[in-house]
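For reference, the chains in residue letters:
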Amino acid sequence: MKTKNSEIMNFNDEFSFGKVFQIIASTLALGLVIFLIVAALDYFGPNLQIPVIINIKEFLKLYWFIIVGYVLLISFWDYFYELYKKQLVYIKPIIDGTSLMFGLWLVVVFLKGLIVFLDPTSQTATFLTFPHDFYMAQFVIIYLLFIFVGYSKLFLRK
C-alpha cells in the first residue's frame, strides 16, 4: 500500500550518477586547491619565514588526504542519507561521531599550533598542548563516547 508521501516522488529523491560524479569532482577540486596552496606556500615560504605560514603548509602537506577523505565521506553521506533515511538511521550515530571527532581534531591541532606565538616552556603553551595530547591519547574512548551518546539519543527518541 502506498502512502501519500511515497506517491509524491520528487526528482531529487532518485539516485543520480550525475550527483555522485559532482561529489567526486568537487572533492578532487578541493584536493587540487590544497595542492596549489601548498605549492604557493612552498614557492613563497623560503622568503617569508613566517612560522604560522610554515605550520599551515606542513599541516596541509601532512593531512591533505584526511581533509579530502573526510569531505568525500560527508558529501556522500549527505547525499545518500537524504535518499535512504530509513535504511541509514542506525548508521547515523557513527557518522555523527566521526564528524565530531574530525571537528575536535581540527580544534586541538589549531590550539597546539598557537604555540608558535609563545615560549614552548610557558604554562600557556602547556595549556594549549594538553587538549591535543589528551585527544590523541584518548582517541578511541572519546570516539566511542560520541557513538554511544548518538545511539542513546536515537533509541530514547523511539
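See the structure shown above.
Residues numbered from 1 in each chain as written. Predicted model: local features only at pLDDT ≥ 70, side-chain atom pairs only at ≥ 80, totals over all residues. Heavy atoms only, no water.

*Asks:* Hey, could you run me through the packing of aromatic side chains in this one?
*Replies:* The geometry of an aromatic ring pair comes down to the distance between the two centres and the angle between the two planes. Counted under the stated rule, the structure contains 19 aromatic pairs. With a centroid separation of 5.1 Å and an interplanar angle of 65 degrees, the aromatic rings of Tyr79 and Phe80 are classed as edge-to-face. Overall, the relative accessible area of 10% leaves Tyr79 in the buried class. On the accessibility criterion, Phe80 (25% relative accessible area) is partly exposed. (Phe/Tyr/Trp six-rings, centres within 6.5 Å; stacked < 30°, edge-to-face > 60°. Buried < 20%, exposed > 50% of the residue type's maximum accessible area, 1.4 Å probe, protein only.)

*Asks:* Explain the nonpolar core to me, please; I cannot follow it from the model alone.
*Replies:* Grouped together as the largest cluster of nonpolar side chains are 19 residues, with contacts concentrated most on Ile34, Phe59, Leu60, Ile67, Trp105 and Tyr135. Of all elements in the fold, only α2 (17-48), α3 (51-83) and α5 (92-113) reach the threshold of two or more residues within this core. Here the element with the most residues in this core is α3; it accounts for 8 residues. Apart from residues no more than four positions distant in its own chain, Trp105 is found in contact with Phe59, Tyr63, Ile66, Tyr135 and Met136. (Core = buried A, V, L, I, M, F, W, Y, C linked by side-chain atoms within 4.5 Å. Helix = DSSP H or I, 4+ residues; strand = E, 2+ residues; numbered from the N terminus. Contact = heavy atoms within 4.5 Å.)

*Asks:* Which parts of the structure should I look at to understand the pattern of salt bridges?
*Replies:* Close approach of charged atoms allows side chains of opposite charge to pair. Under the counting rule described, the total for this entry stands at 5 salt bridges. Its salt-bridge partner being Lys57, residue Glu58 comes within 3.8 Å of it at the nearest N-O pair. When its relative accessible area of 15% is taken as the criterion, Lys57 is described as buried. The partner of Lys85 in a salt bridge is Glu82, with the nearest N and O atoms 3.6 Å apart. (Salt bridge = Lys/Arg side-chain N within 4 Å of Asp/Glu carboxyl O.)

*Asks:* Just checking my understanding: could you explain the side chain of Lys57 for this structure?
*Replies:* Relative to the elements of secondary structure, Lys57 occurs in helix α3. With residues up to four places along the chain from it excluded, the contact list for Lys57 reads Val38, Leu41 and Asp42.

*Asks:* What am I meant to see in α3 here?
*Replies:* Since there are 3.6 residues in each turn of an α-helix, residues three or four apart along the chain are aligned in direction. The terminal C-alpha atoms of α3, which comprises 33 residues, lie 45 Å apart, in line with the 48 Å expected from a rise of 1.5 Å per residue. Of the residues making up α3, those classed as buried are Lys57, Phe59, Leu60, Ile67, Val68, Tyr70, Ile74, Trp77, Tyr79, Tyr81 and Leu83. (Expected span 1.5 Å × (residues − 1).)

*Asks:* What is the right way to look at the packing of α5 against helix α7 (residues 139-157) in this model?
*Replies:* Remark: α5 packs on α7, axes separated minimally by 8 Å, with the N-to-C direction vectors making an angle of 140 degrees. As judged from the angle between their axes, α5 and α7 are oblique. Every pair of crossing elements has a handedness; the one defined by α5 and α7 is right-handed. Residue-level inspection shows Pro93, Ile94, Gly97, Thr98, Leu100, Met101 and Leu104 of α5 in contact with α7, the latter providing Phe139, Ile142, Tyr143, Phe146, Ile147, Gly150, Tyr151 and Leu154. The class makeup of the residues in the contact of α5 with α7 is 12 nonpolar, 3 polar and no charged. (Axes fitted to C-alpha atoms, helices over the stretch in contact; angles between N-to-C directions. Parallel < 35°, antiparallel > 145°, perpendicular 65-115°, else oblique. Left-handed = near helix turned anticlockwise from the far one by under 90°. Nonpolar A, V, L, I, M, F, W, Y, C, P; charged D, E, K, R; others polar.)

*Asks:* Help me out: how do you make sense of helix α6 (residues 123-137) in this one?
*Replies:* End to end, α6 covers 20 Å across 15 residues, agreeing with the expected 21 Å (1.5 Å per residue, within 8%). Remark: the principal bend of α6, roughly 30 degrees, maps to Thr129, with a proline, Pro131, within the next four residues. Within the sequence span of α6, burial applies to Ala125, Leu128, Thr129, His132 and Tyr135. In this structure, the buried side of α6 is in contact with α5 and α7. (Bend = angle between axes of the 7 residues up to and from the residue.)

*Asks:* Sorry if this is basic, but what is going on with the environment of Asp133 here?
*Replies:* Here Asp133 shows up in helix α6. Note: C-alpha distance between Asp133 and Lys112 (21 residues apart in sequence) is 9.1 Å.

*Asks:* Would you mind showing me how to read the side chain of His132 here?
*Replies:* For His132, the position within the fold is in helix α6. We classify His132 as buried; its relative accessible area is 15%. Filtering out sequence-adjacent residues up to four positions away, His132 remains in contact with Val108, Val109 and Lys112.

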